[in-house]
Amino acid sequence: MFGTLTTYAQKKFGGLALYTVRDDMGTDAKATLQAVSDAGYKNIEAAGYEDGKYYGMTPADFKDLLKSLKLKPISTHQSAVTLENADKMMADAKSAGFKYFVVPIPPMGMFTFNEEDRTMGMTGTVEELAKILTTLGEKANKAGLKLLYHNHDFEFKKNADGIVPIDYLLENIDPKLLNFQMDLYWVTKAGANPIAYFNKYPGRFKIWHVKDMDEQGRFAPVGTGSIGFQNILDNKELSGMKYYMVEQDMTFDGLKPLEAIKISHDALKKIGFK
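Residues numbered from 1 in each chain as written. Predicted model: local features only at pLDDT ≥ 70, side-chain atom pairs only at ≥ 80, totals over all residues. Heavy atoms only, no water.

> If you had to explain the pairing of strand β5 (residues 72–77) to someone new, which residues and values would you point to?
In the case of a regular strand, side chains alternate between the two sheet surfaces. With five of six residues buried, β5 is to be regarded as a mostly interior element. For strand β2 (residues 43–46) and β5, the ladder comprises four bridges, and the chain directions are parallel. Among the inter-strand pairings, Asn43 is bridged to a residue of β5, identified as Lys72. Once the chain exits β5 it traverses helix α5 (residues 86–95) before rejoining the sheet at strand β6 (residues 100–103), and the crossover so formed is right-handed. (Buried < 20%, exposed > 50% of the residue type's maximum accessible area, 1.4 Å probe, protein only. Helix = DSSP H or I, 4+ residues; strand = E, 2+ residues; numbered from the N terminus. Pairing = 2+ DSSP bridges. Right-handed = clockwise from strand over helix to strand, strands pointing away.)

Below you can see the structure in the form of structure tokens.
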């Protein structure tokens, strides 16, 4: 009886980027979301929109399913967004109950990925990217959503023109139209300092992706790697962080994503995430 009461009293907290469990979501979305809820998560970020549906469900049905599992829709990654389909996508995101519409890579064919060395980059200019994001930000505002751009590592490195893309976007797009989802792993991988960015551009990083880095530089469950989350968390007010999402793009050495998210959630509590 005591154990049951203790379990029942545990407060759910934190968010999960469903990209982490994308294969499980593709197999059985409801059972996977139940497991996410059981692991103690409160918020979710979607990464499964196609043909007007989230994981094969209408926006309204997806919203209802989340509510029944006591999960809150916060943000959605919409990598296929274009200037032409944005209004429809944003209307669907709003119908599903999301607050933040996230552009996870340079959209509209600008993103590049080299299979051989697994490096990412972009075609076109950062000025062109800024124009697209500005227009998307205007559309998001009209739809009652907030637009965020999610980084990988290449945005923190100088491009061929000597411009650091993330700096250009931060300095040239109105915060009323665009803010940022900082992926703490990719910032670290790029050799940049999250806290230095919070100091230089306070209030611009509304959601964080929280994932750790192992000694081989691979994605790892929170608390098992080398990223100093405590110092970063101490600066959350400065950053403007409203929400954070655990994300792990891949798991290794036989660890299953649904196991990894439990390890991460336990670590969040120890670090002091709420």
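> Please provide a residue-by-residue account of the pattern of salt bridges, values included.
Per the stated rule, a full pass over the model turns up eight salt bridges. Taking the shortest distance from any N to any O, the salt bridge between Lys157 and Asp153 comes out at 3.8 Å. (Salt bridge = Lys/Arg side-chain N within 4 Å of Asp/Glu carboxyl O.)

> Any details on the confidence of the model for the chain? Residues and values, ideally.
Looking at the chain, pLDDT values average 96 and 97% of them are 70 or higher. In this model residues 1–8 is a low-confidence stretch, pLDDT under 50, and it forms zero contacts with partners more than four residues away in sequence or in other chains. (pLDDT = per-residue confidence, 0-100. Contact = heavy atoms within 4.5 Å.)

> Can you tell me about the sheet that holds strand β1 (residues 15–17), naming the residues and giving the values?
Hydrogen bonds along the backbone pair up the strands of a sheet, which may run parallel or antiparallel. Ordered in space as β1-β2-β5-β6-β9-β10-β11-β14, the eight strands form a closed barrel in which the pairing is parallel. Taking each pair of neighbouring strands and ignoring which way they run, the sheet shows an average axis angle of 30°. Pairing geometry for strand β10 (residues 179–183) and strand β11 (residues 205–210), over four bridges, is parallel. Bridge pairing in β11 places Asp183 opposite His209. (Axes fitted to C-alpha atoms, helices over the stretch in contact; angles between N-to-C directions.)

> Mind laying out helix α12 (residues 257–271), listing which residues take part and the relevant values?
Taking 1.5 Å of rise per residue, 15 residues should cover 21 Å, and α12 covers 21 Å from first to last C-alpha, within 8% of that figure. Of all the residues in α12, the buried ones are Ala260, Ile261, Ser264, His265, Ala267, Leu268 and Ile271. For α12, the angular spread of the buried residues around the axis is 165°, confining them to a single face. Every exposed residue of α12 that faces more than 90 degrees away from the buried side is listed here: Lys269 and Lys270. (Expected span 1.5 Å × (residues − 1). Arc of directions from axis to C-beta.)

> Got a sec to walk through helix α7 (residues 165–172)? Specific residues and values, please.
When we look at burial in α7, the residues that qualify are Pro165, Ile166, Asp167, Leu169 and Leu170. Looking at the buried side of α7, the elements it contacts are α6 (126–143), β9 (146–150), β10, α9 (194–200) and β11.

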